[in-house]
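Examination of the molecular architecture
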Amino acid sequence: MNHTSQNIDVPESTLQISMKEYSSNVRESGIDAVEGDNDYLWIKFEGLSAIRFPEFNTSKPTKEEIRRVFRELKCLLLNYTLLPENNYANSTLYNCIDNDYGLQHLSKNARRDIRIAQRNLQFGFAHWNEILDCGLKAFADTRKRVGLSDCSEKSFRSRFTRFRKNPAHRAVAAWLDKEIIAFMSLIVLEDFVVIQGSFSTDDQKKICPNNGLVDFVNNYFLKVNGFSIVCYGLSSVQENTGKEGLHSYKVRVGFEAIPVQRVFVLHPLIVPFKEIIRLLLRLLKYLLPENRAIKKASGILESY
């Protein structure tokens, strides 16, 4: 009944996309990006900020590089990840690097949940047309569940219509009969995978689709294809996003929780105004408590 890694392939061209090619593809999709001093990118995100990709890179950028990125991307905020200094950590990075990945290495409860999913669902790679046609409910339910306001059809179509343009961006899905009840958006580059997003419907949680999807991804990329890492991202800086539940879930399904320091660097021109911005955000948060951008900005300023 299950799709397996033996009968569903990622195209060879996708598996071998380099960081340099990815950088070009990001820019061709309409997103500003510049290459860092090492083998990573700075990608402009949500208009005024830029993040370093991949998130699991923990090298320290130089001051000259930071000045260059501010200048070239014309942004007001940079975000990157470091290993903690002086035991100071404000976030958690989730990585799985086990090329011998298998259910036998997981806890009893994790094995149970994955087997429930495998008995009831099919798993495999999905075309982006399938996601755009059938993935709205999983997306909307998930965004509402974590208290975010961007759960509309417009947000869904805007996000994945753009995301699909890059050949390194892939989707895996869980089907109940012919219905997609959960999916993940992936970035597949060189020998690593980043789980960019994970979405599932509320009414099928009891058959554990997210657990089955993680098992499919880790088995396919780490064990079958020998990738070096599957990264499940960083803990959120947004407020009220169910961090404890997400942390427990990611650790249970095989990811190592690595304490890290998320560094947020404000453009020198706006540093003197940060307290005014903080007060304004408090007012906006009171007026618009579910707004995703305001929640995120508030969390960033608290971390800063």
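The following paragraphs examine the structure supplied in this document. What you see is a predicted model; the values in this text were computed from it and never measured.

Let us now look at the pairing of strand 2 (residues 41–45). The buried fraction of strand 2 is high, at four of five residues. Pairing of strand 1 (residues 33–35) with strand 2 involves three bridges; the strand directions are antiparallel. Across the sheet, the residue bridging to Glu35 is Leu41, located in strand 2. What sits between the antiparallel neighbours strand 1 and strand 2 is a turn of five residues.

Note: strands within a sheet are paired through backbone hydrogen bonds, in either parallel or antiparallel orientation. With respect to topology, eleven strands assemble into an open sheet ordered 1-2-3-4-11-5-10-9-8-7-6, the strand pairing being mixed. Each edge of the open sheet carries a strand with a single partner, namely strand 1 and strand 6 (122–126). The mean angle between the axes of side-by-side strands here comes to 30°, regardless of whether they run parallel or antiparallel. As judged from the three bridges shared by strand 9 (residues 192–200) and strand 10 (residues 229–234), these two strands associate in the parallel manner. Following the sheet pairing, Val193 is matched in strand 10 by Val230. Strands strand 5 (91–96), strand 6, strand 7 (169–176), strand 8 (179–189), strand 9 and strand 10 of the sheet are contacted by helix 8 (residues 209–224), whose axis makes an angle of about 35° with strand 8.

The subject of this paragraph is the layout of surface pockets. Empty space within the second largest pocket amounts to approximately 190 Å³. Every residue along the wall of the second largest pocket is listed here: Lys60, Pro61, Thr62, Lys63, Ile66, Arg67, Phe70, Tyr80, Val265, His267 and Pro268. Ranked by residue count, the leading element in the lining of the second largest pocket is helix 3 (residues 63–73), at four residues. Partitioned by chemical class, the residues of the lining of the second largest pocket number six nonpolar, two polar and three charged.

Glancing now at the packing of helix 6 (residues 136–145) against helix 7 (residues 153–163). Relative placement of two packed helices is described by the angle separating their axes and the distance separating the axes. Running from amino to carboxyl end, helix 6 crosses helix 7 at an angle of 110°, the nearest separation of the two axes being 10 Å. Put simply, helix 6 runs roughly perpendicular to helix 7. Note on packing geometry: the crossing formed by helix 6 with helix 7 is right-handed. Only Glu153, Ser155, Phe156, Arg159 and Phe160 of helix 7 make contact with helix 6, whose side of the interface consists of Leu136, Phe139 and Arg143. Within the contact of helix 6 with helix 7, the residues separate by chemical class into four nonpolar, one polar and three charged.

Attention now goes to helix 8. Here helix 8 spans 21 Å end to end across 16 residues, near enough to the 22 Å set by a 1.5 Å rise per residue. With 13 of 16 residues buried, helix 8 lies mostly within the body of the structure. Backbone geometry just after helix 8 places Gly226 at a positive phi near 70°.

Looking at the element boundaries, Gln196 is found in strand 9. Expressed as a C-alpha distance, the spacing of Gln196 and Cys231, which sit 35 residues apart in the sequence, is 8.8 Å. At 2.5 Å, the side chain of Gln196 forms a polar contact with the side chain of Ser185.

With that settled, consider empty space enclosed by the protein. In this structure the tally under the stated criterion is one cavity of 30 Å³ or more. Put simply, the largest cavity is a space of about 60 Å³. Along its surface, the largest cavity is lined by Ile51, Arg52, Pro54, Glu55, Asn57, Asn79, Tyr80, Thr81, Leu234 and Arg262. Broken down by secondary-structure element, the contributors of at least two residues to the lining of the largest cavity are strand 3 (49–53) and strand 4 (77–82). For the lining of the largest cavity, the element with the highest residue contribution is strand 4, accounting for three residues.

Turning our eyes to something else, we now look at a negative patch on the surface. A surface patch of like charges, here negative, comprises Glu21, Asp39, Glu190 and Asp191. Inspection of the secondary structure puts Glu190 in the loop between strand 8 and strand 9.

Scanning the entire structure with this criterion turns up 23 aromatic pairs. Judged by centre distance (6.4 Å) and plane angle (90°), the rings of Phe160 and Phe163 are edge-to-face. Of this pair, Phe160 and Phe163 are both found in helix 7, three residues apart, which corresponds to roughly one turn of the helix. Since its relative accessible area comes to 9%, Phe163 is described here as buried. Between Phe160 and Phe183, the aromatic rings sit 5.5 Å apart at their centres with planes inclined by 75°, giving edge-to-face as the arrangement. Residue Phe160 is found in helix 7, and its partner Phe183 is found in strand 8; the two are separated by 23 residues along the sequence. Take Phe160: its relative accessible area is 0%, and that puts it in the buried class. Through a chain of ring-to-ring contacts, three or more aromatic side chains come together here, namely Trp128, Phe139, Phe156, Phe160, Phe163, Phe183 and Phe199. Here the basic side chain of Lys250 rests over the ring of Tyr232, its NZ or CZ set 4.5 Å away from the ring centre.

Calculation criteria
Residues numbered from 1 in each chain as written. Predicted model: local features only at pLDDT ≥ 70, side-chain atom pairs only at ≥ 80, totals over all residues. Heavy atoms only, no water. Buried < 20%, exposed > 50% of the residue type's maximum accessible area, 1.4 Å probe, protein only. Helix = DSSP H or I, 4+ residues; strand = E, 2+ residues; numbered from the N terminus. Pairing = 2+ DSSP bridges. Axes fitted to C-alpha atoms, helices over the stretch in contact; angles between N-to-C directions. Contact = heavy atoms within 4.5 Å. 1 Å grid on protein atoms, 1.4 Å probe; cavity = no way out; pocket = protein on both sides within 12 Å on 5 of 7 lines; lining within 4 Å. Points joined across faces, edges and corners; volume = space filled by probe spheres on them. Nonpolar A, V, L, I, M, F, W, Y, C, P; charged D, E, K, R; others polar. Parallel < 35°, antiparallel > 145°, perpendicular 65-115°, else oblique. Left-handed = near helix turned anticlockwise from the far one by under 90°. Expected span 1.5 Å × (residues − 1). Polar contact = N/O pair within 3.5 Å; in protein donor to acceptor, adjacent residues only side chain to side chain. Patch = residues over 30% accessible without salt bridge, like charges linked within 9 Å, V, L, I, M, F, W, Y side chains within 5 Å. Areas by Shrake-Rupley, 256 points an atom, 1.4 Å probe, with all protein chains shown as cover. Salt bridge = Lys/Arg side-chain N within 4 Å of Asp/Glu carboxyl O. Lys, Arg positive; Asp, Glu negative; His and termini not counted. Charge placed at Lys NZ, Arg CZ, Asp CG, Glu CD. Phe/Tyr/Trp six-rings, centres within 6.5 Å; stacked < 30°, edge-to-face > 60°. Lys NZ or Arg CZ within 6 Å of the ring centre and 35° of its normal.

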